[in-house]
Amino acid sequence: MPKIIPDNSVGIVTPQTCRFMEPLPLVCGKTLREYELVYETYGELNAARTNAVLICHALSGNHHAAGYHSEKDKKAGWWDTCIGPGKPIDTKRFFVVCLNNLGGCHGSTGPKSINPETGNLYGPDFPIVTVKDWVDSQARLADVLGIQKWAAVVGGSLGGMQALRWSLDYPERVANALVIASTPKLTAQNIAFNEIARKAITSDPDFHGGRYYQHNTVPAKGLMLARMIGHITYLSTEALGEKFGRDLKLPAFNFGYEIEFEVESYLHYQGERFSRSFDANTYLLMTRALDYFDPAADFGGSLPDALARAQCRYLVVSFSTDWRFSPERSEELVEAMVKAGKEVTYVEIDAPHGHDAFLIPTPRYTAVFSAYMERIANALQEVR
Amino acid sequence: MRADLKVITPWVAPNSSVLDLGCGDGTLLAYLQEHKGVRGYGLEIGEEQITECIRKGVNVIQQDLDAKGLQNFADQQFDTVIMTQALQAVRRPDVMLDEMLRLGRQGIVTFPNFGHWRCRFYLILRGMMPMSKTLPYRWYDTPNIHLCTFKDFEALCREKNIRILSREVVDADFEQSSFARMWPNLLAEFAVYRIGRK
């Protein structure tokens, strides 16, 4: 618990909920008749409404990106290191919006919500939403908040895909897109990892075809396994090695199959904690949204053609030890942006943490991120 | 204003596209963006310089020319490809010149003249690899692994059928001096070449 909330924190924040009664047609062909989005905002929207920044969350993220919900809160929001007064996304200059995506399990309409058509929980009947659907729903939230154009749409990993999608689907509504530790599409290896995670969940006897709520149970073991495999892919060999090496919990081998290595203990702890706080159906849905993402697909596989519509400036950032979405994937994206003649800056940050590096404020990452955001803020002031 | 900008700027057409190889802190591109309305990218690997480019609003792409090459850019994608004070530091300057003219309709190159009289005298009198204000490194730690004289460069251009469209020779402060023009290969410290395909 933070005894005193630090000066560079946005402080205590309260989530808000917005209800949408206009049906949302989805890529899968189904329609969400009505839905709610829960979101948080930090900083002040300026009079011209030009300083708004949208934060898009990744697989396990939510609307709580920065600050604390109460003084008793043990942990700040998931991207508190980058959002706050004087931080890269400086809340003294920007009005920051972060929402929980549709299909999520932290307040926005998702599998844990009541299906208005049946009066029961959606569960596995919640339609599969894609990155494009998220962006459409986010655009409606922007309308409600009176934001015609984002100064920046920012996201890491799956969040970066949303930032990219924004620039293609609403080109006139995005001034800058920051695509961090992301990729224009998953590789077969990425999809394979996701499939293992899904299989872990769906083969848990407590899964009950996704209707575990009715059975008063949760597929905790499956979700834990899914998180364990995912977690490894977010970390680099170096990061795991540095943190645990081959350290044992006991003084010597036990010659059995219980937890003996520190790394095993850590994975179990992470998996268990996650399985208590996350919804298995949401996990399935989010991994599918990752798999399906491929904006070039509608353009015969040509990413430059897909990018032709974009009007924004891009910042693309990758991390040297990220093997989940490696620098090569970001370079592929940058190459396409250059081919399409788009304004793009690309930086590969040398960081040992693997994919998770996008959440860690290493000095160079912070410097680059801050410099780019500062440039945006300064440009806004010149216009005014 | 950085001295070499004075020579380079008139050679870049207004509202054209530019690729700056080894763009440093982005001074040249920022200047060309502001005064000539050019669009373009700078390639750089220096971390501080990249951040400085971002501050200046220059599109900078982190890319190691020696390691990755320029395969990610398309033929004739740019009006002008510029390389200031870096040709002598790449692994294969000859390949780099080919690449510059593959990507751009014209190339602009600047490099220090190893045939300058000071270098010659240094070598003759001291018998050691020349060091000077413009070449401050020692032989073993210099990034300038392919130093050449104007004559060397022009011979390479002839060999490669590269046309020298313009040449400005300048002194150490990048001032155009009639003294340097008298006998460039001996008296000029730097040259700025504008090259194209025959």
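The shown structure was predicted, so the numbers you read here are calculated from the model rather than taken from an experiment. (Residues numbered from 1 in each chain as written. Chains lettered and ligands numbered in written order. Predicted model: local features only at pLDDT ≥ 70, side-chain atom pairs only at ≥ 80, totals over all residues. Heavy atoms only, no water.)

**A closer look at the packing of helix α3 (residues 188-202) of chain A against helix α7 (residues 280-292) of chain A**
All names here are of chain A. Between α3 and α7, whose axes approach to 10 Å, the crossing angle comes to 160°. As far as their axial angle goes, α7 and α3 are roughly antiparallel. In the crossing of α3 with α7, the sense of the turn from one axis to the other is left-handed. Contacts from I191, N194, A197, R198, I201 and T202 in α3 reach A280, Y283, L284, T287, R288, L290 and D291 in α7. (Axes fitted to C-alpha atoms, helices over the stretch in contact; angles between N-to-C directions. Helix = DSSP H or I, 4+ residues; strand = E, 2+ residues; numbered from the N terminus. Parallel < 35°, antiparallel > 145°, perpendicular 65-115°, else oblique. Left-handed = near helix turned anticlockwise from the far one by under 90°. Contact = heavy atoms within 4.5 Å.)

**Thoughts on unusual backbone geometry**
A positive phi is found at F255 of chain A, a non-glycine position, where the angle reads about 50°. By secondary structure assignment, the location of F255 of chain A is in the loop between α5 (237-244) and α6 (262-277). Given the relative accessible area of 76%, F255 of chain A is considered exposed. With a phi close to 55°, Q85 of chain B is a non-glycine residue in the positive phi region. For Q85 of chain B, the location among the structural elements is in the loop between β4 (78-84) and α5 (93-103). (Buried < 20%, exposed > 50% of the residue type's maximum accessible area, 1.4 Å probe, protein only.)

**A short note on the confidence of the model for chain B**
Averaged over all residues, the pLDDT of chain B is 92; the fraction at 70 or higher stands at 98%. Interface predicted TM-score (ipTM) for the complex: 0.93; the corresponding pTM is 0.95. (pLDDT = per-residue confidence, 0-100.)

**Remarks on the layout of surface pockets**
Residues and elements named next belong to chain A. Its boundaries defined by the atoms lining it, the largest pocket holds a volume of some 1,400 Å³. Lining the largest pocket we find 41 residues, and of these S60, K75, W78, R227 and R273 sit closest to its centre. Breaking the lining of the largest pocket down by element, the ones donating at least two residues are α4 (220-234), α5 and α6. Here the element with the most residues in the lining of the largest pocket is α6; it accounts for 5 residues. (1 Å grid on protein atoms, 1.4 Å probe; cavity = no way out; pocket = protein on both sides within 12 Å on 5 of 7 lines; lining within 4 Å. Points joined across faces, edges and corners; volume = space filled by probe spheres on them.)

**Concerning the pattern of salt bridges**
Taken as a whole, this structure holds 29 salt bridges over all chains when the rule is applied. Ionic pairing is found between R19 of chain A and E36 of chain A, a salt bridge with its closest N-O pair at 2.7 Å. Taken together, the residues R19 of chain A in strand β1 (residues 16-20) and E36 of chain A in strand β4 (residues 35-42) connect sequence positions 17 residues apart. Of the charged contacts, one joins R197 of chain B and D98 of chain B as a salt bridge, the two residues approaching to 2.9 Å between their closest N and O atoms. Remark: D98 of chain B occurs in helix α5 and R197 of chain B occurs in strand β7 (residues 190-197); sequence separation between them is 99 residues. Look at R197 of chain B and you get partly exposed, because its relative accessible area is 38%. Members of the salt-bridge network, linked through shared partners, are K132, R165, D169 and R309 of chain A. (Salt bridge = Lys/Arg side-chain N within 4 Å of Asp/Glu carboxyl O.)

**Overview of the nonpolar core**
Residues and elements named next belong to chain A. Ranked by size, the top nonpolar core spans 165 residues in total, and within it I180 and Y314 carry the most contacts. Residues in contact with I180, not counting those within four places in the same chain, are W79, V154, G155, G156, S157, G160, V317, F319, F358, Y365 and F369. Residues L235, L240, F244 and Y266 belong to the second largest nonpolar core, which totals 5 residues. (Core = buried A, V, L, I, M, F, W, Y, C linked by side-chain atoms within 4.5 Å.)

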